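Read off the chains here:
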Amino acid sequence: MDAIGSVMNVTRKEKVNLQPIQENQLDDNQNLSESDSKAGENSGLMNRMRLNDNKAGMDGLDKEKINQVILEASKGSRFYENERKKEQQMNKRIEEQKIKLQQITESQLKQGIIEADKLLDEFENTRDLSKTIVHIDMDAFYAAVEMKDNPALKDKPMAVGGNSMLSTSNYHARKYGVRAAMPGFIGKKLCPELVIVPTHFDRYTEISKQVREVLAEYDPNFSPMSLDEAYLDMTEHFEKRFHLSEYERTVVCRKTDGCSKTECNCDLNLKLKPLLLYHELSRHNSSPSTNTAVKTDHSSEKLSTTTCPLCGKPYPDYHLVTFGMSPDDSVNEMRAKIEQKTGLTASAGIAPNTMLAKVCSDKNKPNGQYRILPDRDTVMEFITDLPTRKISGIGKVSETMLNALGVYTCKDLYEQRALLYHLYSPISFNYFMRICLGIGSTFVER
DNA sequence: TACATACAC
DNA sequence: TATGGTGTATGTA
Ligand SMILES: Nc1ccn([C@H]2C[C@H](O)[C@@H](COP(=O)(O)OP(=O)(O)OP(=O)(O)O)O2)c(=O)n1
Ligand SMILES: [Mg+2]
Ligand SMILES: [Mg+2]
């Protein structure tokens, strides 16, 4: 068992977490066979130090080359030796898992299936598809704030942190393999032009607060998981949404990026939007027919006031976007509001539970969203071929341990349920079974 | 309880 | 030259 810390995200409660059911806790003095056990064909870098590309913006990289650079920069360091020790611990656990595996008998397997199916049945009966859960997560958050505060960084690969540790990187830098939790000096080796800027926590907190003000409009009980992400239960919002006027579903969007030197960079929805009411929008028309976003171009020339009362500068070109009634529309609207208010983009996932919503929010990142419709077939189709590593709570170690059992995707969790039943703790087993059914928490609590 | 490990951000 | 800081959770002794 492995996969501790598991569930974390899936909302308070309902954490799972696997842990080795192991006999000896530490018992140092391994047989450190100098041979790095299995580095495999993989560039010779141990598993736990390889580039973690389980992140948006890291598709199609030359992983081999990147791992080569990491190895080059790390070889022989204290850190490297320590990681190697941990790697061996993990390999030892896999060996022990294998031994345990061989001791499982046919009849035990049969029993395992029976027990597993009993549990699966129970979970299936409590499946709840009635809630609409949203997970929203800012794109390259710290980096995006820094780029907003210093637009010169916008078209450069950059990261936030220092020479010894990076908190995150922008998407441009990710193309080079530069990512969060990587030392800055390795980032520089992967991308010599990389610009590293120091952190400004106060700014991140400030912007986070602005984002949360928007989230609260859709679910006052939303649950923040960090400065840059949160879960929302939007079920109630959708019920109320039909009563909203077109005005209330309209967002004033600037055409440029809000970094103008001469024009107003304030949120146009603050002062400008109310003025537009008399020109373009009628408060009382709530035609429920608008299913998708309607866009209209505008310039501020028609208005009596063309300068912003907040900053005194002229308003920029803008357009109005009126959003429809569907969950997708609402979430698009929420993301548009965030973007207008903060100048930063967010991505979102919409699904019947937190576990799925979390996976979805990564799917069309950056600046995108994805929805899983609330019916069982759609959920199962989404989950079947999904690599277990995509699920929040299954990290590198858990993934490796599962791989050793032939489990790579969520449907593999189902197919190997008999094994998992015998090899993992009840808590971990429950966790796995819920995952392979696409079931997760439907509670979002403050 | 204290400690080790896993995971997320 | 150099590989973070914080919080949550599980399992074992
Ligand atoms: N190991 C990590 C991971 C993240 N962060 C910080 C910096 C990130 O900007 C912020 C949010 O984390 P995310 O995982 O959401 O990453 P990003 O928002 O940077 O990128 P993405 O677009 O993938 O969400 O938390 C950190 O300090 N250390
Ligand atoms: Mg983010
Ligand atoms: Mg995040």
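Reading the values: the criteria
- Residues numbered from 1 in each chain as written.
- Chains lettered and ligands numbered in written order.
- Predicted model: local features only at pLDDT ≥ 70, side-chain atom pairs only at ≥ 80, totals over all residues.
- Heavy atoms only, no water.
- Near = heavy atom within 4 Å.
- Polar contact = N/O pair within 3.5 Å; in protein donor to acceptor, adjacent residues only side chain to side chain.
- Helix = DSSP H or I, 4+ residues; strand = E, 2+ residues; numbered from the N terminus.
- Donors = N, O, S within 2.8 Å, 3.2 Å for Na, K, Ca; no water.
- Buried < 20%, exposed > 50% of the residue type's maximum accessible area, 1.4 Å probe, protein only.
- Tetrahedral: all angles 85-135°; square planar, octahedral: opposite > 155°, others 65-115°.
- Expected span 1.5 Å × (residues − 1).
- Arc of directions from axis to C-beta.
- Pairing = 2+ DSSP bridges.
- Axes fitted to C-alpha atoms, helices over the stretch in contact; angles between N-to-C directions.
- Contact = heavy atoms within 4.5 Å.
- pLDDT = per-residue confidence, 0-100.
- Salt bridge = Lys/Arg side-chain N within 4 Å of Asp/Glu carboxyl O.

**Student:** Could you clarify how one ought to interpret the site of ligand 1 in this entry?
**Tutor:** Lining the immediate surroundings of ligand 1 are 14 residues, of which K55, A140, T168, Y171 and R174 lie closest. Between ligand 1 and the protein, one listed contact pairs an oxygen atom with a backbone N or O atom of M138 at 3.2 Å. The side chain of Y171 places a nitrogen or oxygen atom 2.6 Å from an oxygen atom of ligand 1. Listing elements by their share of the shell around ligand 1, those giving two or more residues are β1 (133-138), α4 (141-149), β3 (166-169) and α5 (171-174).

**Student:** Teacher, can you tell me more about the coordination of the magnesium ion (ligand 3) here?
**Tutor:** By definition of the ideal shapes, four donors in a tetrahedron about a metal sit 109.5 degrees apart, and six donors in an octahedron sit 90 or 180 degrees apart. At 2.0 to 2.5 Å from the magnesium ion (ligand 3) lie its protein donor atoms, namely D137 (OD), D228 (OD) and E229 (OE). Between the donor residues of the magnesium ion (ligand 3), the gaps in sequence give the motif D-x90-D-E. A gap of 3.4 Å separates the magnesium ion (ligand 3) and the magnesium ion (ligand 2), which D137 links by coordinating each metal. Of this pair, D137 sits in strand β1 while E229 sits in strand β6 (residues 229-233), placing them 92 residues apart in sequence. Classification of D137 by relative accessible area gives buried; the value is 11%. Accessibility expressed as a relative area gives 13% for E229, which makes it buried.

**Student:** For this particular structure, what's the right way to read the coordination of the magnesium ion (ligand 2)?
**Tutor:** Within the protein, the atoms that donate to the magnesium ion (ligand 2) are D137 (OD), M138 (O) and D228 (OD), at distances of 1.9 to 2.2 Å. One can describe the site at the magnesium ion (ligand 2) as octahedral: its six donor atoms subtend angles covering 79 to 179 degrees at the metal. Between the donor residues of the magnesium ion (ligand 2), the gaps in sequence give the motif D-M-x89-D.

**Student:** Explain helix α3 (residues 106-125) here, please?
**Tutor:** Side chains that are three or four residues apart share a direction in an α-helix, a result of its 3.6 residues per turn. Taking 1.5 Å of rise per residue, the 20 residues of α3 would be expected to cover 28 Å, and the 29 Å separating its terminal C-alpha atoms lies within 8% of that figure. Residues of α3 that are buried: G112, A116, L119, L120 and F123. Buried residues of α3, viewed axially, fall in a sector of 105 degrees; they line one side. Of the residues in α3, the exposed ones pointing more than 90 degrees away from the buried face are S107, K110, K118 and N125.

**Student:** I would appreciate a short explanation of the sheet that holds β3 in the present structure.
**Tutor:** Sheet strands pair via backbone hydrogen bonds, and the direction of the pair is either parallel or antiparallel. With mixed pairing, the three strands of this open sheet are ordered in space as β3-β2-β4. Single-partner strands in this sheet number two, and they are β3 and β4 (195-197). Within this sheet the neighbouring strands show an average axis-to-axis angle of 30 degrees, counted without direction. Sheet topology note: the strand β2 (residues 158-161)/β4 ladder contains three bridges and is parallel. Within β4, the position partnered with M158 by the bridge is V195.

**Student:** Help me understand the pairing of β3 in this model?
**Tutor:** Remember that side chains alternate between the two faces of the sheet whenever the strand is regular. In this structure, β2 lies alongside β3, joined through three bridges in antiparallel fashion. Paired with G161 across the bridge in β3 is L166. Following β2, the chain reverses through four residues before pairing antiparallel with β3.

**Student:** Looking at this model, I keep getting lost on the sheet that holds β6. Mind explaining?
**Tutor:** Ordered by their spatial adjacency, five strands build an open sheet running β5-β6-β1-β10-β11, and the pairing between neighbours is mixed. Strand pairing shows two members of the sheet lacking a second neighbour, β5 (223-226) and β11 (369-371), which therefore form its edges. Taken over all neighbouring pairs, the strand axes of this sheet differ in orientation by 15 degrees on average, direction set aside. The pairing of strand β10 (residues 346-351) with β11 spans three bridges and is classified as parallel. Considered in β11, the bridge of I350 is made with R371. The strands touched by helix α10 (residues 327-342) are β1, β6, β10 and β11; relative to β10, the strand with the most contacts, the crossing angle is about 160 degrees.

**Student:** Even after reading the chapter, I still don't get the confidence of the model for chain A, so can you show me in this structure?
**Tutor:** Detailed reading of the predicted coordinates is not advisable wherever pLDDT is low. Per-residue confidence for chain A gives a mean pLDDT of 89, with 86% of residues at or over 70. Low pLDDT (under 50) marks residues 1-14, which in the prediction has 64 contacts with non-local residues, meaning those over four places away or in another chain. For residues 22-39, every residue scores under 50 in pLDDT, and the model assigns this stretch 20 contacts once sequence neighbours within four places are set aside.

**Student:** Would you explain the pattern of salt bridges in this entry?
**Tutor:** Proximity of charged atoms lets side chains of opposite charge pair with each other. Applying the stated criterion to the full structure yields 22 salt bridges. In this structure, D139 engages K365 in a salt bridge whose closest nitrogen and oxygen atoms are separated by 2.8 Å. Of this pair, D139 sits in the loop between β1 and α4 while K365 is found in the loop between α11 (354-363) and β11, placing the two residues 226 residues apart along the sequence. Like K365, D139 is buried. A salt bridge links E206 to R203; the nearest nitrogen and oxygen atoms lie 3.1 Å apart. Highlighted residues: E206 and R203, both in helix α7 (residues 201-218), separated by three residues, approximately one helical turn. Judged by relative accessible area, which is 23%, R203 ranks as partly exposed. In this structure, a network of salt bridges that share partners links the residues E217, R241, E333 and K337.

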